[in-house]
Each structure stands twice: as C-alpha cells, then as structure tokens.
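Take a look at the letters that make up each chain.
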Amino acid sequence: MAATKQKSAKRKRAINNTIVHIVLAILAVIWVFPIAWVVLTSFRAEKGSYVSTFLPQGYTIANYVRLFTDTTILNFPKMFGNTLLIAICSCILSTFYVLSVSYCLSRLRFKMRKPYMNMAMILGLFPGFMCMVAVYFILKALGLSEGGLIRLALILCYSGGAGLGFQIAKGFFDTIPLAIDEAALIDGCTRWQIFTKMTLPLSKPVIVYTVLTAFIGPWVDFIFAKVICRANADYYTVAIGLWRMLEKEYIDSWYTCFAAGAVLVSIPIAALFMFLQRYYVDGMSGAVKG
Amino acid sequence: MLTLFMIYLWRETVKSAYQAECLDKAGKYVRTFREDLKSLFHENIHKLLMTPSLVFIFGLTVLPLVFMICMAFTNYSKIGNHLVLFDWVGLENFRTLFDSSSILGSTFWSVLVWTLIWAFFATFTNYIAGMILAMMINRKDTKAKGFWRFCFVLSCAVPSFVSLLIMRTMLQPNGAVNVLLRNLGWIAADASLPFFTDPLWAKVTVIVINIWVGVPYTLLQLTGVLQNIPGELYEAARVDGANVIQIFSKITLPYMLYITTPYLIATFTGNVNNFNIIYLLSGGDPVTNLSSTAGSTDLLVTWLYKLTIDKQYYNVGAVIGILTFVILAVGALLTYRNSKSYKEEGGF
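No experiment lies behind these values; they were computed from the predicted model shown.

Caption draft 1: Just the overall build of chain A, in detail. Tallying secondary structure elements over chain A gives 13 helices and zero strands in all. Going residue by residue from the N terminus, the α and β elements of chain A occur as α-α-α-α-α-α-α-α-α-α-α-α-α. Taking all 290 residues of chain A together, 37% fall into the buried category. A separation threshold of at least 6 residues defines the contact pool for chain A, and within that pool the share at least 24 residues apart is 74%.

In structure tokens:
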C-alpha cells in the first residue's frame, strides 16, 4: 500500500517535472526567437524589408561592411563615435552626482535632507517628456542647440537629472555600518576622507552598477536625442540612426543593415549587462557581510 | 532669475557678516576664509557635494517644469499656421480638456481610460508572469537553472528600443510572424493577422509585447527575493497538507507583496509614463477617429508628445502633463508613505 502510494507520488513528480521543463522550453524559444531572427536577418543576402521566406536564402557579411563604408546618407561610424563620446562624458558626470548625493543623503543629517528626498520623489512622477520642449528652449537660449555643442547639450541632458536617481546607491551606503565612520571620525578623519578613502572603496559593486547604467543610458535613449538633434544628422546618436533606417524612404535598402547595426549595438550592451548582473545582485545585498 | 540669485547672494553675505560679528562680540574665535573652505570638506561637506547636482537638477528639471506648468495657464499654441503670442487664460485649458463634448475632451477621456487599463495590466501581468517564471526556474527539481535564466536574460541584454523595433517589423502585415504562420499553413496565404491595424488587437499586442520585454527584468529582481523566503514556511505548509496553489496564495504572494510594494508602485508609475513601448511599437496607431489627435493605443505621454512636438499645442500638452502628474502623485504618495520601506528609512 505504502509502496504504491510512494510510487504514484514519484510518478506525479516526474510528470510535473516534465511539464515544467516543456513549458520552460516553449517560453525560452519565444524569448530567444526575435533575437535569433534579427541575427539571421543581419547576415541575409537578399535586400528588402519583407521576404516571403522565414530563413534567409543566402548569407553574407556585406550588411556589416556597408554599415561602415556607405556613409553618404546615414553615417553610422560617426553616430557610433558621437554616442560613445556622449556616453563616456555623461557617465563620468552622473556617477559623480549619484555617488555624492547618495553619500550625503545616507550619512549626513542636514536641513535640506528630507525636503530633497521628497522633491526627488515628486519630480520622478512628472512625465519626463513634459519638460522636454522647455529643456530644448533653455538649451537653445544658452546657445547649445547648434553645431558641435549639441553633444554638450546631450551630455547635460543625460547627466543633469542623475542626482535624482540616488535610491539604489543610497540603499547600498545605508548598509555600510555607521561604526566604521565613527571610528574614523574619532581618529581625526574629515568627512571628505571618509567618503573617498572608506566609503567608496567599500562600495565597488554599486559604483560599477552606477557607472554601467549611466553608460548604457545614451545608447538606448532615443527620444531626447531626437528632440535635441532635430535635423542635425551630423550629431545623431546610434538610436536615432537605427530608427531612421526603418523609416519609409530607407527601409527597403537599409533594412538588413538595420539588423546588422542592431546586433553591433547590442553586443557591447549585452556584454556590459552580463558583467553588470553579478554586481547588480551584490549591490542589492549590501556592503559589509557577516 | 539673475536678480533673484544676486539678492540671495547679498542676503547670505550680510548673514555671514552678522554671524561673524556675533561671534566676535561673544569673544569667540572668528573663522578665516581658509577654514571656511576647509569646512567644506568636513562638517559642511554636503554643501560641496550636493551643489553641482542641485544646480543641474534645478536648471534642467525644475526650471523647465515650472515653464511648462506656467504654460498650462496660457494660450501658447499653434493656431492655424503660426504660434500666437501668448496671454494668460487662467483655467481655460483645463476646462476644454474636461469638457467631454469637444474633440479634445472626448479624446482625453478615452486616452485616460486606456492609460489606466494599460498601466494596470502591464504592471500586474509582468509581476505575476515574472514571479511564476522565477518560481519555475527556482524549483528544486528544475534542471539547468543557469541555462534557463540565461535564455530569458539574453532578451533584456538587448537594448529595449532595438527589440521593440524588431518586434514592430516582425508583426507588420508582411512581417516575419505572418510569414511564418502562412508557411505553416495556419492562416491563408494572403491573409495577415491585424496586429497593429485593428484597435483591440493592437491593445492586446502591446500588452503581450510588454510581457515579453518586462518579464526578464522582473525575473532578475524577484529571483533574489524569492530565495530569501524562509524555507521552513514551505515545509510547515507542506506538512500541514497545503497544495501548490494554497502555498502560492498564502505564503509566496503575501511575502512578495510585502517586500516589493515600492517596486510595484515604481513599475506602475513607469508604465503610465511608458513612452518607448507605445511610440516605437505602434506609434499610437491605429487611428480610429480621424478628427482626434490620438490613436487608439496612445497613452497620455505619447499623446502629450504628439501634441507638443508634432502639433505644437504647448498649452494643452502642459495641461495633460500636469494631470498625469496629479493622477500619479495621489496614488503613489499615499501608498508610498504607508509602505514599510519609507517608514523605516531612518532605522539606523
């Protein structure tokens, strides 16, 4: 009796296991399918956006070559350079903002602390696009909306609001024991030394996390760049470039190149992301363990 | 602006001079400028560290916002072919928008309803689906956990605008999905599923695609929380004879909700303001009512974008922005202030 019961329980478990694995496999296929498709398309030999077969008929790397050599209409290498420059600068600026603001909010108690945090929360609720036009007018008034200064304008845009996104870094600093700070204060450290010599070295995971998210931002943002660049094709970032390739006048000849560009942009981001994932988990779980 | 700044500077100078005088009278030591500078690195370090980012936040976030809020009370917009010189009109714009008999008003209500439906479904389908997926992967008996996780995380490593554009082209009438279905013989050779051409289909499509985009993120975030649920709880429940559904609804779900309320609120807010998905996928199409400015999948934010950037109705756009904010603020502030993580913020 007991044996049959055990046997049936075992069988039930096996069935459950198979079902779960089959469901997972189906879901995984659904999730991987679009990515596989774009990689295939990027190597597709025949041109045009819509084809009647699912798998490509011939394979070629001409799409990648064209992306970097045909710079007359859509200058992909230049866009890539623009984005890289903007990403690096805004990454440095916003990392500084985020870390310093979150250190202050986490460690120091000053008059403006609560008001600042409330303000950050309220500002976060406004749709970012609402003030986009006004941001454009302000940048125009400062003379940053023409020529090479567009890059500076974009850098300011991406890093400007960074000080409002302090939550994760602050949460991390909160987990560093206050006793360390107190010990250092008694030993005659200034706050600045505590910040640079103790807090920062202890918070490597969250620094990496902040740096990488700030770096990825300009690569994936599309709408700010579009509003600020307007028709200045020289200063387009990668995101607008890829979007333009799918517009009606370009889609037929540029479609496979779009796929190639998408793959090229995704590779560094995917690599950074995989790298980041480890730190992301660490960053959430706190600094000093045990 | 500049005047205000100068007045502030002057006031601060007088204040510090007065303080120095007081200190002097009391026979105490008056600090030199050098020491003041030094204090910036110690007791006044927050002034040093917060100022640069505050300046930028003020210039690039607060100031534009004030501009736009002011604009909501003017008639600054494109009428006919030119921008009119603007004048204060009070609450006129709000009245037009709430008046459901005008075109703008009726569009506003339909867009608002769809925005709320979208935000609700987008948040909770993602949350539940992500949780179920995380549980399936983290089950004790599931083999090759790392591999499964990798499959899903792969799609969130691709920048979202890329995957959204890919999705859009795949779901076109002649896109990959329809081609695949035709080749498989599931639909007729010249037929195509109306993913973005039928209003209802379009709405369902964006929600489903949002699941595709969002679940991997939810999976990443919830995996850690799931692993933190004490195992004894499950064992005790199993000994007491609870089945899978009971365990899920009585242990997992309450525990998760308890931990992730702030995260849920943030996601909900993010979804109300989710511009990318709608703009890149459907662009608000299909347009059912030609006289209105919004399509049937337009959210408040994408409509706002269309009104301000394409049509240059700055005043109406600003009003919509303010209303979006009010809706979000009322909901979020109430829930957030009552949540555990806000109350226990100063815990240590």
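Back to the text.
Caption draft 2: The overall build of chain B, seen in detail. Looking only at helices and strands, chain B features 15 helices and two strands. Burial status across chain B gives 33% buried among its 348 residues. Residue pairs at least 24 apart in sequence account for 63% of intrachain contacts in chain B once pairs closer than 6 positions are excluded.

Caption draft 3: Spotlight on the nonpolar core. Among the nonpolar cores identified, the biggest contains 131 residues, and L154, C157, I228 and A262 of chain A are the most heavily contacted of them. Top element by residues in this core is helix α3 (residues 76-107) of chain A. It accounts for 13 residues. With sequence-adjacent residues up to four places away left out, L154 of chain A is seen in contact with I86, A225 and I228 of chain A. Membership of the second largest hydrophobic core comes to 13 residues, among which are L24 of chain A together with Y127, F152 and L219 of chain B.

Caption draft 4: Examining the packing of α3 of chain A against helix α3 (residues 45-71) of chain B more closely. Where α3 of chain A contacts α3 of chain B, the axes come no closer than 9 Å and their chain directions differ by 135°. When the interaxial angle is binned, α3 of chain A and α3 of chain B end up oblique. Crossing of α3 of chain A over α3 of chain B shows left-handed handedness. Where α3 of chain A approaches α3 of chain B, its residues Y97, S100, V101, Y103 and C104 of chain A are matched on the opposing element by H46, L49, M50, P52 and S53 of chain B. Taken together, the residues of the contact of α3 of chain A with α3 of chain B sort by class into seven nonpolar, three polar and no charged.

Caption draft 5: Inspection of the interface of chain A and chain B at higher detail. Between chain A and chain B, the residue contacts involve 66 residues of the former and 65 residues of the latter. At 12 residues, the largest contribution of residues to the side of chain A that touches chain B is made by helix α1 (residues 2-42) of chain A. For the side of chain A that touches chain B, the class distribution of residues is 53 nonpolar, 11 polar and two charged.

Caption draft 6: Structural view of the domain arrangement of chain A. Residue and element names in this part refer to chain A. When cut into domains, chain A gives domain 1 (2-63) and domain 2 (71-285). Domain 1 puts nine residues into the contact, and the matching count from domain 2 is 10 residues. In terms of residue count, the dominant contributor to the side of domain 1 that touches domain 2 is α1 (four residues). Taken together, the residues of the side of domain 1 that touches domain 2 break down into two nonpolar, five polar and two charged.

Caption draft 7: View of helix α6 (residues 149-160) of chain A. For α6 of chain A, built from 12 residues, the straight-helix expectation of 16 Å at 1.5 Å per residue is met to within 8% by its first-to-last C-alpha distance of 16 Å. Counting buried residues along α6 of chain A, 10 of its 12 residues qualify, which places the element largely inside the surrounding structure.

Caption draft 8: Looking closely at the environment of Y279 of chain B. As for its placement among the helices and strands, Y279 of chain B is situated in helix α12 (residues 275-281). With residues near it in sequence (within four places) discarded, Y279 of chain B still touches T302 and Y305 of chain B.

Scoring rules and cut-offs
- Residues numbered from 1 in each chain as written.
- Chains lettered and ligands numbered in written order.
- Predicted model: local features only at pLDDT ≥ 70, side-chain atom pairs only at ≥ 80, totals over all residues.
- Helix = DSSP H or I, 4+ residues; strand = E, 2+ residues; numbered from the N terminus.
- Buried ≥ 20, exposed ≤ 12 C-beta atoms within 10 Å, placed from the backbone.
- Contact = placed C-beta atoms within 7 Å.
- Core = buried A, V, L, I, M, F, W, Y, C linked by C-beta atoms within 7 Å.
- Axes fitted to C-alpha atoms, helices over the stretch in contact; angles between N-to-C directions.
- Parallel < 35°, antiparallel > 145°, perpendicular 65-115°, else oblique.
- Left-handed = near helix turned anticlockwise from the far one by under 90°.
- Nonpolar A, V, L, I, M, F, W, Y, C, P; charged D, E, K, R; others polar.
- Domains from an automatic or database assignment.
- Expected span 1.5 Å × (residues − 1).

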